[in-house]
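Close look at the chain arrangement
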Amino acid sequence: MENVIEVKDLRKEFVSYSSRSGLKGAFRDLFTRNYKIVPAVNDISFHVKQGEMIGYIGENGAGKSTTIKMLTGILTPTSGHILVNGMNPHKEREKFVRTIGVVFGQRSQLWWDIAVQESFRLLKKVYGVSDQQYKEHMEHVIETLDIGPLLDKPVRKLSLGQRMRCELAAALIHNPPLLFLDEPTIGLDVLVKLKIREFLKEINEKYKTTILLTTHDISDIEALCDRVVMLDEGKIIYDGLLEELRSQWGDEKEINFQFSSPVSLPQLASLMPDNGVIWSQGSGQNIWTAKIPNEEIIISTLIAKVVQTYKIKDIKINEVSTEEIIRNIYEEGVRHG
């Protein structure tokens, strides 16, 4: 399988001006400005194979949107090498845009005042899509995203969820092999999110569409992506399987025990003193939580010992959530950085 995206030592610097204070400062700013050069994307390298669905994640200001803008040809890199669909996004603009679809959660590609289907018609012309191709592909898209009833409405009359579904359809009119989604589910309700996720899975299976997704919604990533690329302050701090990220960092489980009668910390601590089990009092009567290494033998031994020694009303095992894992990685990254 060939690479759809190849990025090597990619860098984007912005000039950041600072203003001096007071009238005198403002006057001096007219003639000379204090500035510093800030790298938004700091020499990153990665590649994406055809048919992959990748979550591109990071805090605000980590460099995600800047990367997407370079990959789609909106921004020129300061330095480094980009190849997307075998082209340089900036130099072969005309030919290049026909091979990608882009949805920016914050920016529309539909015309505000005309009916959605008029926008579709214009985009169909722009991309040179034949009637036959349009019918074959778009009938399915319109039906799956459930936007048939919206086609004769002007975009300004649509709710955010309706508009985002139409934006997604618009990005797919020319059935591009590569789709960039920048925060596509921002501000949407759960049902619309589910519909969009199902649809993305479907086009990925049907057409092997490669999808690069930036999002703050970790459940989007869990539902769609096997691989994540994580950015912090313009650098890649993790690139690999979501599962590995989980097993590498999510190496603890929590077990909540509700006891029938009061127990003390020394009693619990003596059950398994040498296995890295940490007990803490939970909220509620006679509830204790054991933080425990995520190893089956330790987990089953602990549960067996507790149940043999004490009467128990309830027991619950919690996974550490991906969101928590990612937060921990950032906090570690910040401490180590």
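Before reading further, recall that the structure is shown in the block above.
Presented here is an overview of the structure given in this document. These figures come from a predicted structure and were not determined experimentally. (Residues numbered from 1 in each chain as written. Predicted model: local features only at pLDDT ≥ 70, side-chain atom pairs only at ≥ 80, totals over all residues. Heavy atoms only, no water.)

1. A short note on the layout of surface pockets
Definition in use: Cavities and pockets are defined on a 1 Å grid built over the protein atoms alone: a cavity is a set of grid points where a 1.4 Å probe fits but cannot escape, while a pocket is an open set with protein on both sides within 12 Å along at least five of seven lines, and lining residues are those with an atom within 4 Å of any such point. Grid points are joined across faces, edges and corners, and a volume is the space filled by probe spheres set on the points. For helices the rule is a DSSP run of H or I covering at least 4 residues; for strands it is a run of E covering at least 2, with both sets numbered from the N terminus onward. Ten residue types, Ala, Val, Leu, Ile, Met, Phe, Trp, Tyr, Cys and Pro, are classed as nonpolar, four, Asp, Glu, Lys and Arg, as charged, and the remainder, Gly among them, as polar.
Taken as a whole, the largest pocket spans an internal volume of roughly 330 Å³. Contributing to the lining of the largest pocket are 15 residues, with Val-102, Phe-104, Arg-107, Gln-109 and Tyr-127 lying nearest its centre. At 5 residues, strand S5 (residues 100-104) tops the list of elements feeding residues into the lining of the largest pocket. The class makeup of the residues in the lining of the largest pocket is 8 nonpolar, 4 polar and 3 charged. Looking at the second largest pocket, its volume works out to about 260 Å³. Surrounding the second largest pocket, 18 residues form its lining, Asn-60, Ser-65, Gln-106, Asp-182 and Glu-183 being those nearest its centre. By residue number, the principal contributor to the lining of the second largest pocket is helix H2 (residues 64-71), which donates 4 residues. Its residues assigned to classes, the lining of the second largest pocket shows 3 nonpolar, 9 polar and 6 charged.

2. What to know about the sheet that holds strand S10 (residues 252-259)
To keep things clear, this is the line we draw: Pairing between strands requires that DSSP locate at least two bridges from one strand to the other. Orientation is described by lines fitted to C-alpha atoms, with helices fitted over the stretch in contact, and by angles between N-to-C directions that extend from 0 to 180 degrees. Residues count as neighbours in contact if any of their non-hydrogen atoms are within 4.5 Å of one another.
Taken in spatial order, the 4 strands of this open sheet run S11-S12-S10-S13, and their pairing is antiparallel. Each edge of the open sheet carries a strand with a single partner, namely strand S11 (278-281) and strand S13 (312-319). Here the average twist between neighbouring strands, direction ignored, is 20°. Here S10 runs beside strand S12 (residues 287-293); their pairing, made up of 7 bridges, is antiparallel. Note that in S12 the partner of Lys-253 across the bridge is Ile-292. Sheet strands touched by helix H11 (residues 296-309): S10, S11, S12 and S13. Its angle to S10, the strand with the most contacts, is close to 10°.

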